[in-house]
Amino acid sequence: MSTQTSPQILQRNLSSNGRYGITERKKAEIDSLTLQVQDAQYQVELYQSIVNSMNEKVAYFQNLLTVADNTRTQTFSNQNLVNQLVYNENVLLKNSAITFNEIEKAEAKTDVLAINIKITMDKLIYCVEVLNKLSIMVMRKKAVNPLISDDLINMLTTAGKDANNVISLALVALKSTFAAQASNMESKSAIELGYIQTQDMLKLLTNVTVSTGTDTKNISLHALLNEAYENAKNNYAVIEQALTRATRQLNQAQRDLNKAQVNLTSLQSGLAAANAAALAS
């Protein structure tokens, strides 16, 4: 006995199989979009964390740049002051030259004064030189290695600033000493003492050298303060370059974040539309 499927039953089966296929395709599409949305959300979170980190880095270098700019300004002021002192001493020396033969009796006192001032200034100058070089080295290391302690940099920066302030005070004291020399030269008949003092101070400022074995190094106040200003300018340039690089990296990270956010929004819209279509079918 043969069986025969009626046309109505066959039509229902075909219709049912068609709907099943469509449902499976929609489900697969929704699952795929869901995974893409999750991945896009992860990308947004990743780029957001990078942007946050770069914002902190930029702010950090901006602060360092402000400190470096203050140091540069201070060392420039010191440089101008010592240059003025050198000029003043040259004028005093020239004006005192005619009494050179009368100043021999004051040589001992002037030598002691010059030696004492030189010892004090040598210590200050050496400290500033070491701090400046150490600060530049640490700043450069920090630009490539963010793990270097901020406290160390802050401590070095503060120490350098304090040392420069001490030098400024010492320079003011020297300036007062020179003013006193000028006053004494006008008010006293013993102008020969002023000549020796002026000569020694000028030597202290411009022509002091120290020998270490076969090496001879100029450690004059004039030379070292000019070097300190050059170091401060170089330090500022290094930090400025680091800030420029960090800003460039921040801008790139922000662009990447914006793209990721646009992509996430697009995928979320697609997923919402797919879900709505599935519910409507």
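How each quantity is defined
Residues numbered from 1 in each chain as written. Predicted model: local features only at pLDDT ≥ 70, side-chain atom pairs only at ≥ 80, totals over all residues. Heavy atoms only, no water. Helix = DSSP H or I, 4+ residues; strand = E, 2+ residues; numbered from the N terminus. Buried < 20%, exposed > 50% of the residue type's maximum accessible area, 1.4 Å probe, protein only. Contact = heavy atoms within 4.5 Å. Areas by Shrake-Rupley, 256 points an atom, 1.4 Å probe, with all protein chains shown as cover. pLDDT = per-residue confidence, 0-100. Phe/Tyr/Trp six-rings, centres within 6.5 Å; stacked < 30°, edge-to-face > 60°. Lys NZ or Arg CZ within 6 Å of the ring centre and 35° of its normal. Salt bridge = Lys/Arg side-chain N within 4 Å of Asp/Glu carboxyl O. Core = buried A, V, L, I, M, F, W, Y, C linked by side-chain atoms within 4.5 Å. Patch = residues over 30% accessible without salt bridge, like charges linked within 9 Å, V, L, I, M, F, W, Y side chains within 5 Å.

Considerations on the overall build of the chain
Then, number 1: For the chain, the count of helices and strands is 5 helices and 2 strands.
Then, number 2: Walking the chain from its N terminus toward its C terminus, one meets helices and strands in the order α-α-α-α-β-β-α.
Then, number 3: In the chain, which comprises 281 residues, the proportion classed as buried is 34%.
Then, number 4: Of all intrachain contacts in the chain linking residues separated by at least 6 positions in sequence, the fraction that spans at least 24 positions is 83%.
Then, number 5: As displayed, the chain has an accessible area near 17200 Å², and 56% of this comes from carbon and sulfur atoms.

With respect to the confidence of the model for the chain
Then, number 1: Residues at a pLDDT of 70 or more form 71% of the chain, whose mean pLDDT is 77.
Then, number 2: By mean pLDDT, the top-scoring element of the chain is helix α5 (residues 221-280) (90), and the lowest-scoring one is strand β1 (residues 209-212) (56).
Then, number 3: Predicted confidence is poor over residues 1-7, with pLDDT under 50, and the contacts of this stretch with residues over four places away or in other chains come to 1 contact.
Then, number 4: This model gives residues 9-15 a pLDDT under 50, and the stretch forms 1 contact once residues within four places in sequence are excluded.

Points about the packing of aromatic side chains
Then, number 1: Under the counting rule described, the total for this entry stands at 2 aromatic pairs.
Then, number 2: Summarising the aromatic geometry, the rings of Y60 and F61 are spaced 5.5 Å apart at their centres and angled 65° between planes, so their arrangement reads as edge-to-face.
Then, number 3: Judged by centre distance (5.2 Å) and plane angle (45°), the rings of F76 and Y229 are tilted. Residue F76 is located in helix α1 (residues 7-96), and its partner Y229 is located in helix α5; the two are separated by 153 residues in the primary sequence.
Then, number 4: We classify F76 as partly exposed; its relative accessible area is 36%.
Then, number 5: Residue placement shows R72 over the ring face of Y236; its charged tip is 3.8 Å from the ring centre.

Quick word on the pattern of salt bridges
Then, number 1: Applying the stated rule across the entire model yields 3 salt bridges.
Then, number 2: E230 is the partner of K233 in a salt bridge, and the nearest nitrogen-oxygen pair spans 3.3 Å. With K233 and E230 both in helix α5 and 3 residues apart, the pair spans about one turn of that helix.

Details of the environment of L156
Then, number 1: If you trace the backbone, L156 turns up in helix α3 (residues 150-187).
Then, number 2: Each C-alpha atom of the pair L156 and N132 lies 8.6 Å from the other, and the pair is 24 residues apart in sequence.
Then, number 3: Excluding anything up to four places from it in sequence, L156 contacts L131, L134, S135 and V138.

Here's the deal with the nonpolar core
Across soluble globular proteins, nonpolar side chains show a tendency to be buried alongside one another.
Then, number 1: Of all hydrophobic cores here, the largest spans 50 residues; its most connected members are F61, L64, I153, L205, L221 and I239.
Then, number 2: At the level of elements, α1, α2 (107-144), α3, α4 (191-206) and α5 are the ones that each hand at least two residues to this core.
Then, number 3: Ranked by the residues each element gives to this core, the list is headed by α1, at 18 residues.
Then, number 4: With residues near it in sequence (within four places) discarded, F61 still touches K142, A143, I239, A242, L243 and A246.

Concerning the environment of L92
Then, number 1: By secondary structure assignment, the location of L92 is in helix α1.
Then, number 2: Relative accessible area serves as the criterion here: at 13%, L92 is assigned to the buried category.

A short note on a nonpolar patch on the surface
Then, number 1: Among the surface-exposed residues, Y42, L46 and I50 lie close enough to one another that they form a single nonpolar patch of about 260 Å² accessible area.
Then, number 2: The residue L46 is located in helix α1 in this model.

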